[in-house]
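Coordinates in review
In case you want the letters, here they are:
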Amino acid sequence: MLAKVISSSVQGIDAVPVEVEVDLVFGLPNFATVGLPEGAVRESKDRVRAAIKNSGYEFPNQKITVNLAPADIKKSGTGFDLPMALGILTASETCSSENLHRYLVIGELSLDGRVRPVQGILPMAIAARRQGLKGALVPNANAREAAVVRDLDIIPVDYLYQAVDFLADTGTLDPVSEEPVTAFCDSGPHPLDFSEVKGHGHVKRALEVAAAGGHNVLMKGPPGSGKTMLAKRLPTILPDLSFEESLETTKIFSVSGLLNENSGLIRQRPFRAPHHTISDAGLIGGGHTPRPGEVSLAHNGILFLDELPEFRRAVLEVLRQPLEDEMVTIARAATTLTFPARFMLVAAYNPCPCGYLGDQRHNCTCTLPQIKRYEDKLSGPLLDRIDMHLEVEALTVGELGARAEGEKSAAIKKRVEEARKIQQDRFTGEEIFTNGGMGNQAIKRHCQLDQATQNLLEKGAEKLKLSARAYHRILKMARTIADLEGTADITSGHVAEAIQYRRL
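Report on the accompanying structure. (Residues numbered from 1 in each chain as written. Predicted model: local features only at pLDDT ≥ 70, side-chain atom pairs only at ≥ 80, totals over all residues. Heavy atoms only, no water.)

1. With respect to the nonpolar core
- Core analysis: the largest hydrophobic core is formed by 59 residues, its most contacted members being Val 295, Leu 303, Leu 319 and Phe 343.
- If sequence neighbours within four positions are ignored, Leu 319 has contacts with Leu 283, Val 295, Leu 303, Leu 305, Phe 343 and Leu 382. (Core = buried A, V, L, I, M, F, W, Y, C linked by side-chain atoms within 4.5 Å. Buried < 20%, exposed > 50% of the residue type's maximum accessible area, 1.4 Å probe, protein only. Contact = heavy atoms within 4.5 Å.)

2. A short note on unusual backbone geometry
- Across the junction of Ala 69 and Pro 70, the peptide omega takes the value 5 degrees, indicating a cis bond.
- Mapped onto the fold, Pro 70 is located in the loop between strand 4 (63-69) and helix 3 (81-91).
- Within the chain, Asp 169 stands out as a residue other than glycine whose phi angle is a positive 60 degrees.
- Mapped onto the elements, Asp 169 comes out in the loop between helix 6 (160-167) and helix 7 (180-185).
- When its relative accessible area of 59% is taken as the criterion, Asp 169 is described as exposed.
- Of note, Asn 300 is a non-glycine position whose phi angle comes to about 65 degrees, a positive value.
- For Asn 300, a relative accessible area of 6% corresponds to the buried category. (Helix = DSSP H or I, 4+ residues; strand = E, 2+ residues; numbered from the N terminus.)

3. Some words on the pairing of strand 16 (residues 336-340)
- Strand direction decides the pairing type here: strand 15 (residues 327-331) and strand 16, joined by 5 bridges, are antiparallel. Bridge assignment links Ile 330 to a residue of strand 16, and that residue is Leu 337.
- Connecting the antiparallel pair strand 15 and strand 16 is a turn made up of 4 residues. (Pairing = 2+ DSSP bridges.)

4. Describing the pairing of strand 1 (residues 2-11)
- Among the 10 residues in strand 1, 7 count as buried, and that is most of the element.
- Counting the residues that bridge the hairpin from strand 1 to strand 2 (residues 14-25) gives 2 residues, and of these Gly 12 lies at a positive phi of roughly 75 degrees.

5. Regarding the pattern of salt bridges
- Tallying each qualifying case throughout the model produces 26 salt bridges.
- The closest approach of N and O atoms between Arg 114 and Asp 112, which form a salt bridge, is 3.0 Å.
- Its salt-bridge partner being Lys 372, residue Asp 376 comes within 2.8 Å of it at the nearest N-O pair. Of this pair, Asp 376 and Lys 372 both sit in helix 15 (residues 368-376), 4 residues apart, which is roughly one turn of that helix.
- If you follow the salt bridges from partner to partner, you end up with Glu 324, Asp 384, Arg 385, Asp 387, Arg 469, Arg 473 and Arg 502 in one network. (Salt bridge = Lys/Arg side-chain N within 4 Å of Asp/Glu carboxyl O.)

6. Re the side chain of Glu 497
- Its location among the elements puts Glu 497 in helix 22 (residues 492-500).
- Among the polar contacts listed, one links the side chain of Glu 497 to the side chain of Tyr 501, at a separation of 2.6 Å. (Polar contact = N/O pair within 3.5 Å; in protein donor to acceptor, adjacent residues only side chain to side chain.)

7. A closer look at the packing of aromatic side chains
- Using the criterion set out here, one finds 4 aromatic pairs in the structure.
- Residues Phe 31 and Phe 59 carry aromatic rings whose centres are separated by 6.3 Å and whose planes lie at 20 degrees to one another, so their mutual orientation is stacked. Of this pair, Phe 31 sits in strand 3 (residues 30-34) while Phe 59 sits in the loop between helix 2 (44-54) and strand 4, placing them 28 residues apart in sequence. Across this residue pair, the class does not change: Phe 31 and Phe 59 are buried.
- Across the ring face of Phe 433, the terminal group of Arg 342 is positioned such that the distance to the ring centre comes to 3.8 Å.
- A cation sits over an aromatic face here: Arg 426 above Phe 427, 5.7 Å from the ring centre. (Phe/Tyr/Trp six-rings, centres within 6.5 Å; stacked < 30°, edge-to-face > 60°. Lys NZ or Arg CZ within 6 Å of the ring centre and 35° of its normal.)

8. Topic: the packing of helix 20 (residues 451-463) against helix 21 (residues 468-485)
- Between helix 20 and helix 21, whose axes approach to 11 Å, the crossing angle comes to 135 degrees. As summarised for this structure, helix 20 and helix 21 are arranged oblique, according to the angle between their axes. The two elements helix 20 and helix 21 cross, and the hand of that crossing is right-handed. Here Gln 454, Leu 457 and Ala 461 of helix 20 lie close against helix 21, whose contacting residues are Tyr 471, Ile 474 and Leu 475.
- Grouping the amino acids of the contact of helix 20 with helix 21 by side-chain chemistry returns 5 nonpolar, 1 polar and no charged. (Axes fitted to C-alpha atoms, helices over the stretch in contact; angles between N-to-C directions. Parallel < 35°, antiparallel > 145°, perpendicular 65-115°, else oblique. Left-handed = near helix turned anticlockwise from the far one by under 90°. Nonpolar A, V, L, I, M, F, W, Y, C, P; charged D, E, K, R; others polar.)

9. Digging into the sheet that holds strand 18 (residues 388-391)
- With parallel pairing, the 5 strands of this open sheet are ordered in space as 11-14-17-10-18. If you trace the sheet from one side to the other, it starts and ends with strand 11 (271-272) and strand 18, each paired once.
- Two strands pair when backbone bridges link them, and strand 10 (residues 217-220) and strand 17 (residues 344-349) are joined in this way by 4 bridges, in the parallel orientation. When the sheet's bridge partners are listed, Val 217 is paired in strand 17 with Val 346.
- Across the face of the sheet, helix 8 (residues 201-213) comes into contact with strand 10, strand 17 and strand 18 while running at roughly 165 degrees to strand 18.

10. Here we look at the side chain of Ser 379
- Along the chain, the position of Ser 379 falls in the loop between helix 15 and helix 16 (380-384).
- There is a polar contact of 2.7 Å between the side chain of Ser 379 and the side chain of Glu 317.
- With residues up to four places along the chain from it excluded, the contact list for Ser 379 reads Arg 313, Glu 317 and Arg 320.

11. Concerning the packing of helix 8 against helix 18 (residues 409-426)
- Look at helix 8 against helix 18: their axes get within 8 Å of each other, and the N-to-C directions meet at 35 degrees. In this structure, helix 8 crosses over helix 18, and the sense of that crossing is right-handed. Along its contact with helix 8, which presents Glu 208, Ala 211, Ala 212 and Gly 213, the element helix 18 presents Ile 412, Arg 415, Val 416, Ala 419, Arg 420 and Gln 423.

Any link to function would need more than the numbers given here.
Written out as structure tokens, the structure reads:
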């Protein structure tokens, strides 16, 4: 007898439907899986056999063929265990098949019949709704994650027998409900605040401009000057995630297996800070079965690279494409996948290997060749793609002991949100989210200058020997500064402030 179960597989950060076909015929007992299954899928036959027997059902002593269609797409992961088991029980007429075609089925099986969580449930649930299915049978630990998808009954399953009883209408499993609006709005207070940072008024102002326009930042300063402290507080002034941004970010974390059990949508913007020993595949994504890297995990958030010259140069150079295109394309012989990578890059480094070059309180112990080799680790093309180059000086003892607190993150965040609202209205109907994402055509439309301001920009670009890319980035920063002031026109003061952010 032939049975068909609807399941799904993840390709990139999206899911594609997979039909699990199970055929039972008389012959020598055998269990074969076809349809480009990878290692974990091929091993499922042993888990499925043990789970069926230990759940109290009889495993058919026949020739079993499982086909995962379409057969030209690689199938990976352990999520096909539950659909295979239900297909075998349906083909052997142990399980009812009347409701099977109305539900997506996904889940890993333990040897005792328990249903374990799997990766990528959220994109699979979205694909199930797109197919017009009534609901989805998913592991109980993944139920809240899938329940944010509207108009889809999410049935939580803990054991194989529960799924069998539900399909036979002999068991009662209530759908899990998760209201999407409340799932992502309640982000809670952030444990850090800008008011904790002493001094550094010019750097705080620059980070406010960066947050308002989505600009990349490079901070240079001696050890202990506060670079990391400032970077960690940057998320506190960024606008809250919208529902669409939260959904897209959660999909990336879901397929990467980084969501906690029983968690819904991600509520706070990601802050990723990989160690400098990371590989290029770890940063940009890849692997035998391509997975998102740190640049994609930082999508809609911040990628912080501390001690930037300590990263291998080959690793840093792969940042060029995502910084320009806001996406990552990974090509393999069988497939090409694209992962989103719209993030703010925040990088920090010391002025020399010992860290005290130019510091008035410490003597630098580095030789000129050492300093040259240290600086050469950062290529010109990469630095050119970073909008702001800031100097963070070490604070004096008097500044550290000051009792007065700085401006709180909430006040800065309010100004940033107002500037982002202006940009949202400006870019209505365009695939642009912030001023930092403007292309050449958008710059021409939205960054018009009068003659005096144009002359100032040209003189600054000539004096600093700026490239065409840096010239346009100054225009985008000037546009953001004007938005923070709520003015429609870019003035000489806006351009002058933007130029000083490139002087390092």
